Amino acid sequence: MPIRHRLALLASHLVVALVALVVIGGATRVMEAGLACPDWPLCYGSLLPGRQMNVQVFLEWFHRLDAFVIGIALLVQLGAAWWWRRQLPRWLLPCSVVLVLMVLVQGGLGALTVLNLLPTGVVTAHLVLGLLLVALMSGLSQLLLAPQPSSQAQTSPLWWRLLGGLSLLAVSAQCLLGGRMATSWAAKRCLDAGHSCQWLHWHRTAATPAALSVCLFVAVALVAGGWARRQWPLLLAVASLVFLQIALGVFTLRLGLAQPSLTVAHQLVACLLVALLAALTCRRPHLSVQTDPALLDSSSLEPCHG
């Protein structure tokens, strides 16, 4: 297997690990386990806490373990990008350097989150960087899967990239509003005492343009036909996630945030939307126009990594 495809598989696995990292971080907050391990980087002074282990400690400990594994994998990717730099796209090496630096900053923010007792600004920045890592790695996996462009037919249409990028920005902004609301417990305070309701109002208001931008992207792609329409499994998956996200948000508020599983599921779907939209935006046709149509149809069913 060529090194490019090996790195694409590594990137696709890293997308899964990053999604898990963000979601477990959200579950840690929902379960009020952000300070379950009072020290950093160890937990109760050891790599694997024994007597102190419970659900909250496990969430915080596993969150750190996942981050450590991701950091090691990104270092491996960086090493491979440098060693095989002549066989790989020129952009991969600097991109790998940036990703490693981002993970280092993410680790520093995680340390500040624990040592400074969960300051809202640092927790929000931690989430922002986590979502950015998910989007970048998901897009990178698609670019590595695509062949080097040798003709105009191997470049996705301009409208595809514009609408996909717009949808990604809208959903990401909505995620950040929700994250800011969650880290300050604004929704809970609004439902319980009527305070800080502006964050909940902004989050609910921004949901409409975010959902419409995704639906517009999906509708235009299906109507346009050709290569864009052949991405229908992923497009319909994105549309389904949007409707599922709306339903989860409604049920979460109707139940007064009393069901942590619904809140975590809401965060999971949001992260999956970011990953899928980033992958779709960076997705490229795998075959040129001159390729046999039968082969073209079969390639359209290739699963999306990330």
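Before reading further, recall that the structure is shown in the block above.
Remember, it's a predicted structure, so these values are computed and weren't measured experimentally.

A. Focus on the overall build of the chain. Tallying secondary structure elements over the chain gives eleven helices and zero strands in all. Along its sequence from the N terminus, the chain presents helices and strands in the succession α-α-α-α-α-α-α-α-α-α-α. Buried positions account for 46% of the 306 residues belonging to the chain. Split by element, the accessible area of the chain, about 15,300 Å² in all, is 71% carbon and sulfur.

B. Region of the structure containing the packing of aromatic side chains. Scanning all chains against the criterion turns up seven aromatic pairs. Taking 5.0 Å as the distance between ring centres and 70 degrees as the angle between the ring planes, the aromatic pair formed by Trp160 and Phe217 counts as edge-to-face. Taken as a pair, Trp160 in helix H5 (residues 158-183) and Phe217 in helix H7 (residues 197-224) lie far apart in primary sequence, 57 residues in all. For Phe217, a relative accessible area of 0% puts it in the buried group. Within the aromatic cluster, the residues linked to one another by ring pairs are Trp159, Trp160, Phe217 and Trp227. Cation over ring: Arg85 sits above Trp82, and NZ or CZ is 4.6 Å from the ring centre.

C. Spatial organisation of unusual backbone geometry. Cis geometry is adopted by the peptide bond preceding Pro41, which originates at Trp40 and carries an omega value of 5 degrees. Among the structural elements, Pro41 can be located in the loop between helix H1 (3-30) and helix H2 (55-83). Despite not being glycine, Tyr44 has its phi angle at roughly 55 degrees, a positive value. By the element assignment, Tyr44 lies in the loop between H1 and H2.

D. Up close: the environment of Ser141. For Ser141, the location among the structural elements is in helix H4 (residues 120-145). For the pair Ser141 and Cys282, spaced 141 residues apart in the sequence, the C-alpha separation amounts to 8.9 Å.

E. Structural detail: the state of the cysteines. Enumeration over the complete set of coordinates arrives at two disulfides. In this model Cys37 forms its disulfide with Cys43; the gap between the sulfur atoms is 1.9 Å. Disulfide Cys37-Cys43: the torsion about the S-S bond is -70 degrees, which places it as left-handed. Each member of the pair, Cys37 as well as Cys43, is classed as buried. The disulfide bridge from Cys190 ends at Cys197, spanning 2.0 Å between sulfur atoms. Judged by the sign of its S-S torsion, about 100 degrees, the bond between Cys190 and Cys197 is right-handed.

F. Region of interest: a nonpolar patch on the surface. Together, Leu42, Leu47, Leu48, Met53, Phe58, Phe62, Leu65, Phe68, Val69, Ile72, Leu75 and Val76 give the surface a local cluster of nonpolar side chains, amounting to about 1,100 Å² of exposed area. With respect to the helices, strands and loops of the structure, Leu75 is situated in helix H2.

G. Just the layout of surface pockets, in detail. Here the second largest pocket defines a volume of roughly 320 Å³. At the level of elements, H4, H5 and helix H10 (260-282) are the ones that each hand at least two residues to the lining of the second largest pocket. Per-element accounting of the lining of the second largest pocket gives the leading share, eight residues, to H4. In terms of residue class, the lining of the second largest pocket is made up of 15 nonpolar, two polar and no charged.

H. Representation of the packing of helix H3 (residues 92-115) against H4 in the model. Two elements in contact, H3 and H4, have axes separated by 10 Å at closest approach and are oriented at 155 degrees. Here H3 lies roughly antiparallel to H4, going by the angle between them. Of the two elements, H3 crosses H4, and the hand of that crossing is left-handed. Taken together, the residues of H4 that come into contact with H3 (itself represented by Leu92, Cys95, Leu99, Met102, Val103, Val105, Gln106, Leu109, Gly110, Leu112 and Thr113) are Val122, Val123, Ala125, His126, Leu129, Gly130, Leu132, Leu133, Leu136, Met137, Leu140 and Leu144. When grouped by side-chain class, the residues that make up the contact of H3 with H4 number 18 nonpolar, five polar and no charged.

I. H3, seen in detail. Its 24 residues place the ends of H3 35 Å apart at the C-alpha level, agreeing with the 34 Å of an ideal helix rising 1.5 Å per residue. Of all the positions in H3, only Leu92, Ser96, Leu99, Val100, Met102, Val103, Gln106, Leu109, Gly110, Ala111, Thr113 and Val114 are classed as buried. Each element contacted by the buried residues of H3 is listed here: H1, H2 and H4.

The rules we used
Residues numbered from 1 in each chain as written. Predicted model: local features only at pLDDT ≥ 70, side-chain atom pairs only at ≥ 80, totals over all residues. Heavy atoms only, no water. Helix = DSSP H or I, 4+ residues; strand = E, 2+ residues; numbered from the N terminus. Buried < 20%, exposed > 50% of the residue type's maximum accessible area, 1.4 Å probe, protein only. Areas by Shrake-Rupley, 256 points an atom, 1.4 Å probe, with all protein chains shown as cover. Phe/Tyr/Trp six-rings, centres within 6.5 Å; stacked < 30°, edge-to-face > 60°. Lys NZ or Arg CZ within 6 Å of the ring centre and 35° of its normal. Disulfide = S-S within 2.5 Å. Patch = residues over 30% accessible without salt bridge, like charges linked within 9 Å, V, L, I, M, F, W, Y side chains within 5 Å. Salt bridge = Lys/Arg side-chain N within 4 Å of Asp/Glu carboxyl O. 1 Å grid on protein atoms, 1.4 Å probe; cavity = no way out; pocket = protein on both sides within 12 Å on 5 of 7 lines; lining within 4 Å. Points joined across faces, edges and corners; volume = space filled by probe spheres on them. Nonpolar A, V, L, I, M, F, W, Y, C, P; charged D, E, K, R; others polar. Axes fitted to C-alpha atoms, helices over the stretch in contact; angles between N-to-C directions. Parallel < 35°, antiparallel > 145°, perpendicular 65-115°, else oblique. Left-handed = near helix turned anticlockwise from the far one by under 90°. Contact = heavy atoms within 4.5 Å. Expected span 1.5 Å × (residues − 1).

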